[in-house]
Amino acid sequence: MADHQEKSPECLHIEEIVKTKMPTSPIYAFLLTPVRISAATTKGHVIARLPLQPCHMNSMSSLHGSVTATIVDWMGGMAICASSLRTSSGVSVDIHVCYQSGAKAGDEIEIEGIVEKLGSNLAFTKVNIYKVEDEKRGRLVASGTHTKFVKGAWA
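Throughout this description, residue numbers start from 1 for each chain and increase along the sequence as written. Whole-chain, interface and lining totals are the exception, using all residues; otherwise, since this is a predicted model, local features are given only for residues with pLDDT of at least 70 and side-chain atom pairs are given and counted only at 80 or more. The side-chain quantities take in all heavy atoms of the structure and omit both hydrogens and water.

1. Here we look at the sheet that holds strand β2 (residues 45-51)
Put simply, the test is: Pairing between two strands requires that DSSP report at least two bridges joining them. For helices the rule is a DSSP run of H or I covering at least 4 residues; for strands it is a run of E covering at least 2, with both sets numbered from the N terminus onward. Lines fitted to the C-alpha atoms define the axes, with helices restricted to the stretch that makes contact. Angles between their N-to-C directions range from 0 to 180 degrees. Residues are treated as being in contact if the distance between any of their heavy atoms lies within 4.5 Å.
Spatially, 6 strands are ordered β1-β2-β4-β5-β6-β3 in an open sheet, and the strand pairing comes out antiparallel. Each edge of the open sheet is held by one strand with a lone partner, namely β1 (36-41) and β3 (91-99). Taking each pair of neighbouring strands and ignoring which way they run, the sheet shows an average axis angle of 20°. With 9 bridges joining them, strand β4 (residues 108-118) and strand β5 (residues 122-133) adopt antiparallel strand pairing. Of the residues in β5, the one forming a bridge with I109 is K131. Along the sheet, helix α1 (residues 9-21) makes contact with β1 and β2, crossing β1 at roughly 135°.

2. Let's talk about the environment of V93
Condition: Three exposure classes are used, based on accessible area relative to the maximum for each residue type with a 1.4 Å probe and protein chains only: buried under 20%, partly exposed in between, and exposed over 50%.
Relative to the helices and strands, V93 resides in strand β3. Since its relative accessible area comes to 52%, V93 is described here as exposed. Placed 46 residues apart in sequence, V93 and R139 show a C-alpha to C-alpha distance of 28 Å. The residues contacting V93, other than those within four sequence positions of it, are L122, T147, K148 and F149.

3. Quick notes on the side chain of E112
This is how the line gets drawn: Two N or O atoms form a polar contact when they lie within 3.5 Å of each other; inside protein one atom must be a possible hydrogen donor and the other a possible acceptor, and for residues adjacent in sequence the pair counts only when both atoms belong to side chains.
Here E112 shows up in strand β4. E112 sits in the buried class, given a relative accessible area of 9%. Here the side chain of E112 touches H45 through a polar contact of 2.8 Å, side chain to side chain. Dropping the residues within four chain positions of it, E112 is found in contact with H45, V46, I47, M75, K126, V127, N128, Y130 and R137.

4. As for helix α3 (residues 65-83)
Given 3.6 residues to a turn, an α-helix orients residues that are three or four positions apart in the same direction. Operational definition: Residue count minus one, scaled by 1.5 Å, sets the expected span of a helix.
When the terminal C-alpha atoms of α3 are compared, their 27 Å separation across 19 residues agrees well with the 27 Å that a helix rising 1.5 Å per residue should span. Of all 19 residues that make up α3, 16 are buried, and the element is covered over most of its length. Immediately downstream of α3, the backbone of L85 shows phi near 55°, a positive value.

5. Details of the side chain of T125
Relative to the helices and strands, T125 resides in strand β5. Owing to a relative accessible area of 2%, T125 belongs among the buried residues under this scheme. In this view, T125 contacts G76, I80, I114, V115, E116, G144, T145 and H146; residues no more than four positions away in its chain are not counted.

6. Here's the deal with the nonpolar core
For clarity, the cut-off: Think of a nonpolar core as a cluster: buried Ala, Val, Leu, Ile, Met, Phe, Trp, Tyr and Cys residues, connected wherever their side-chain atoms sit within 4.5 Å.
Judged by nonpolar contacts, the single largest core of 32 residues is most densely connected at I14, W74, I111 and I129. Of all the secondary structure elements, the ones that give two or more residues to this core are α1, α2 (26-32), β1, β2, α3, β4, β5 and β6 (136-149). Ranked by size, the runner-up nonpolar core spans 5 residues in total, among them A79, I80, V115 and A123.

7. Here we look at α1
To keep it simple, the criterion reads: Taking the helix axis as origin, the arc is that swept by the directions to the C-beta atoms.
Taking 1.5 Å as the rise per residue, α1 with 13 residues should run 18 Å; its terminal C-alpha atoms sit 18 Å apart, in good agreement. Considered for burial, the residues of α1 that qualify are E10, C11, H13, I14, I17 and V18. On an axial view of α1, the arc spanned by its buried residues comes to 160°, and they lie on one face. The exposed set on the far side of α1, more than 90 degrees from its buried face, consists of P9 and K19. As for α1, its buried residues are in contact with β1, β2 and α3.

What follows is the structure in structure tokens.
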């Protein structure tokens, strides 16, 4: 999306949350500050890209599992916020991550967050992390599910 005006209201909303809320979370600010939101819809679908840096790596010079889990946590929340232009996504109840391949410093990843169900008490999300190859979504690096308690999060 070359032009700011081409972005959906949901995309602009998520960009604003990243701009205003990310600095207030030390771990998100440290790990995710260079993230770029590519797209977002009210169906709870968000896509972002993140260039990987040495701080994202484990001792084997591959994407660290805890960083991956943090990305799943963050993106699950962003998908919930996009679903109805919310500014709060609730609190985590459960996170599962399946690690499928690696990525290294200098690589770029594409992160996809999807709300599978948004109820009055719980939200269920799925997050996929892909390596960007030739400027396109490439192989799957990791996938995760994230359940959040949302009751009262937007009352």
